[in-house]
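Given next are the chains, with one letter for each unit.
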Amino acid sequence: MSKFFYNISLPLAVQGTFTYSSDIRLEIGFRVLVDFSNRERIGVVIKKVDKPAFKTLKIKKVFDDFEIFNTNELALLHWISDYYHFPIGQVIDNFMPPYLRKANAVELQNNDLVSEAVPDFDLDLTSHQEKAFLALKQLKGFDPCLLYGVTGSGKTEIYIKLIQEQLMTNQSVLMLIPEISLAPQMVKRLKKIFGELVAYYHSGITNLNRWKVWRDARNGNKKIIIGTRSSVLMPLKNLGLIIVDEEHDSSYKQNEMPCYSARDTAIYKAKLHDCPVVLASATPSLESFNNAKLKKYALNKLEERVSEASKPKLELIDLRGKEIISGLATNTIAEIKKELTNGNQVMIFQNRRGYSPVVVCESCGWSPNCPNCDVRMVYHKQTNKYSCHHCGYAENYFQECKVCPNNELSFYGAGTEKLEESLRTIFPDFPILRIDSDISYKKDLNTLLAQPLKGDPMILVGTQILAKGHHLPDITLVVILDGDFSLYSLDFRATERMNQLITQVSGRSGRGNKSGKVLIQTFVPEHPSLEKVVDSSYETLA
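Notes on the structure follow. (Residues numbered from 1 in each chain as written. Predicted model: local features only at pLDDT ≥ 70, side-chain atom pairs only at ≥ 80, totals over all residues. Heavy atoms only, no water.)

Structural notes on the sheet that holds strand 3 (residues 31–36)
Piece 1. As summarised here, the arrangement of the 6 strands in space is 5-2-1-4-3-6, forming an open sheet in which the pairing is mixed. Two strands bound the open sheet, and with one partner strand each, they are strand 5 (57–58) and strand 6 (61–62).
Piece 2. The sheet contact formed by strand 1 (residues 4–9) and strand 2 (residues 18–22) spans 5 bridges and is antiparallel. Across the sheet, Tyr6 pairs through a bridge with Tyr20, a residue of strand 2. (Pairing = 2+ DSSP bridges. Helix = DSSP H or I, 4+ residues; strand = E, 2+ residues; numbered from the N terminus.)

Take a look at the structure:
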């Protein structure tokens, strides 16, 4: 009986693959069960090879009747391994649905089902949207394009039209979004039009559901996949278009091993599949702008907001010598009160969750630090714990210093919890809604945002979760509590990210028929970066 030999990738922290034998011919990309170091492990067939000079172990079991990664996806996995210098076995394991990683994992069957018919609908576009859509519609083959559209310019409507074009030729679409919190509203909108052709994929859904979405995408039953960075390896059938929404967002970069950029990986994926990739943002990264300048990317612009919405007016609030109450200047409080009295909504941006970001012993200077990350922990009053915002480690509340006899730790600064508490005292007659990752992981974001969508006057307090993609038409005033948050950072991208965040947050104001205003509180209003944010467009800043 003739034998066949294959290189198998295993989820081990070593470079390279391992050679095993089989009595049957296998296809590249199959899952197999093998013995390694007296343990059974699941591996993936990477390559067929000639008989080696050494003795090999035999493949114990072949799980499925089709490959789990096709040729293009395996090439992409190899690219990630080579480009980011990480073992191919661990790269494959990272992108394989968790449900398929165990030795008793379900066996897959190649059941191709008939998908729904493509819905026929008419979507009215503005002249600016129509111009951008027609330009993007002409993209053929691998053709990266930067879609630079100001906040509120209606980029989502263009996505919908582009998706419809792909479905009409029986092709599928991958849409990447930076945050899990953005998935519900995008999925809801697309499902309303495209029905069950839409699915979403991210770490917040169960392992079983992640596998089902992965399977349906591979079989062609789901033609529109909306997902966070881990969905970039989704093996969609007949992939025709990739959309990277908010392409500038740092959430597309994974900082744990394997480290990779989902945006850059999506571009290489588009090259392998020979399909267009649209990078969209109101605040594109500087490298994307530069690639457009060098003609590596096509550039399309949406410089006007849709309907009657106008760009908000930005104003710097000088905090020097001003009375400050719970982080708010008295004239800022007066502006908030004015908007609420007029029946409008106000959003206050504070990019620090928790109650007190600084906890310190005033006698010796000791602070409760995370034992894993060696960074200061933040006090959260709601859970009565000190928490690390890097790894999630938490300790129960204690008041005593663990170094000296002092029994009174001091608490400084204001996170979103403390700001919410203070605002309830200052504005007792108006509802206060806090939205940050502590809240959104417990409650569905769509449910939370249903309250401001009713249009009643209220205050929203939030972190950057509120800064991206949400359409809240009754917000007429946005307050950025700390406009100096990045001015003295050691990060070489600090100025770029400050401009991006201020522009994105400002974009939540005046999205309906009412004019909008943005107040940026600062101790250095003469700083060139802040002056440029107020007086110039983002493209000028870039």
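Let's talk about the side chain of Glu73
Piece 1. Following the sequence through the fold, Glu73 ends up in helix 1 (residues 71–83).
Piece 2. On the basis of relative accessible area, Glu73 is assigned to the buried category, the value being 0%. (Buried < 20%, exposed > 50% of the residue type's maximum accessible area, 1.4 Å probe, protein only.)

Considering the packing of aromatic side chains
Piece 1. Within this structure, the stated rule accounts for 17 aromatic pairs.
Piece 2. Both rings, one in Trp79 and one in Tyr83, keep their centres 4.9 Å apart while their planes meet at 15°; by these two values the pair is stacked. Of this pair, Trp79 and Tyr83 are both found in helix 1, 4 residues apart, which corresponds to roughly one turn of the helix.
Piece 3. Counting every residue linked through ring pairs, the aromatic cluster contains Tyr355, Trp366, Tyr379, Tyr386, Tyr397, Phe398 and Phe411.
Piece 4. The aromatic ring of Phe63 is capped on one face by Arg31, whose charged end is 4.7 Å from the ring centroid.
Piece 5. The ring centre of Phe398 lies 4.3 Å from the NZ or CZ of Lys402, which sits over that ring. (Phe/Tyr/Trp six-rings, centres within 6.5 Å; stacked < 30°, edge-to-face > 60°. Lys NZ or Arg CZ within 6 Å of the ring centre and 35° of its normal.)

A look at empty space enclosed by the protein
Piece 1. Taken as a whole, this structure holds 2 cavities of 30 Å³ or more when the rule is applied.
Piece 2. By volume, the largest cavity amounts to about 140 Å³.
Piece 3. The element that contributes the greatest number of residues to the lining of the largest cavity is helix 13 (residues 494–506), accounting for 3 residues.
Piece 4. Its residues placed into classes, the lining of the largest cavity shows 1 nonpolar, 5 polar and 8 charged.
Piece 5. Considering only enclosed or pocket space, the second largest cavity measures out at about 30 Å³ in volume.
Piece 6. Around the second largest cavity, the lining residues are Asn94, Phe95, Met96, Pro97, Pro98, Arg101, Tyr201, Arg210 and Ser230.
Piece 7. Its residues assigned to classes, the lining of the second largest cavity comprises 5 nonpolar, 2 polar and 2 charged. (1 Å grid on protein atoms, 1.4 Å probe; cavity = no way out; pocket = protein on both sides within 12 Å on 5 of 7 lines; lining within 4 Å. Points joined across faces, edges and corners; volume = space filled by probe spheres on them. Nonpolar A, V, L, I, M, F, W, Y, C, P; charged D, E, K, R; others polar.)

So, the sheet that holds strand 7 (residues 144–149)
Piece 1. The 7 strands are arranged 9-10-8-11-14-7-15 in an open sheet whose pairing can be described as parallel. Every interior strand has two partners, whereas the edge strands, strand 9 (198–201) and strand 15 (298–302), have only one. The mean inter-strand angle of the sheet, taken between neighbouring strand axes irrespective of direction, is 20°.
Piece 2. Across the face of the sheet, helix 7 (residues 262–273) comes into contact with strand 8 (172–176), strand 11 (239–245) and strand 14 (277–281) while running at roughly 165° to strand 11. (Axes fitted to C-alpha atoms, helices over the stretch in contact; angles between N-to-C directions. Contact = heavy atoms within 4.5 Å.)

What to know about helix 14 (residues 528–535)
Piece 1. Residues of helix 14 that are buried: Ser529, Leu530 and Val533. Buried residues in helix 14, looked at end-on, bunch into an arc of 95°, giving them a common side. (Arc of directions from axis to C-beta.)

Structural notes on the state of the cysteines
Each disulfide consists of one covalent bond between the sulfur atoms belonging to two cysteines.
Piece 1. One pass over the structure, following the stated rule, counts 0 disulfides.
Piece 2. In this structure Cys373 is a free cysteine whose sulfur lies 3.7 Å from that of Cys391, the closest cysteine sulfur available.
Piece 3. In this structure Cys388 is a free cysteine whose sulfur lies 3.7 Å from that of Cys370, the closest cysteine sulfur available.
Piece 4. For Cys388, a relative accessible area of 2% gives the class buried. (Disulfide = S-S within 2.5 Å.)

Considerations on the packing of helix 3 (residues 127–137) against helix 4 (residues 155–168)
Piece 1. Put simply, helix 3 and helix 4 touch, their axes get as near as 10 Å, and they point 35° apart. In the packing of helix 3 onto helix 4, the handedness of the crossing is right-handed. Only Glu157, Ile158, Lys161, Leu162 and Glu165 of helix 4 make contact with helix 3, whose side of the interface consists of Gln129, Ala132, Phe133, Leu136 and Lys137.
Piece 2. Class assignment of the residues belonging to the contact of helix 3 with helix 4 gives a composition of 5 nonpolar, 1 polar and 4 charged. (Left-handed = near helix turned anticlockwise from the far one by under 90°.)

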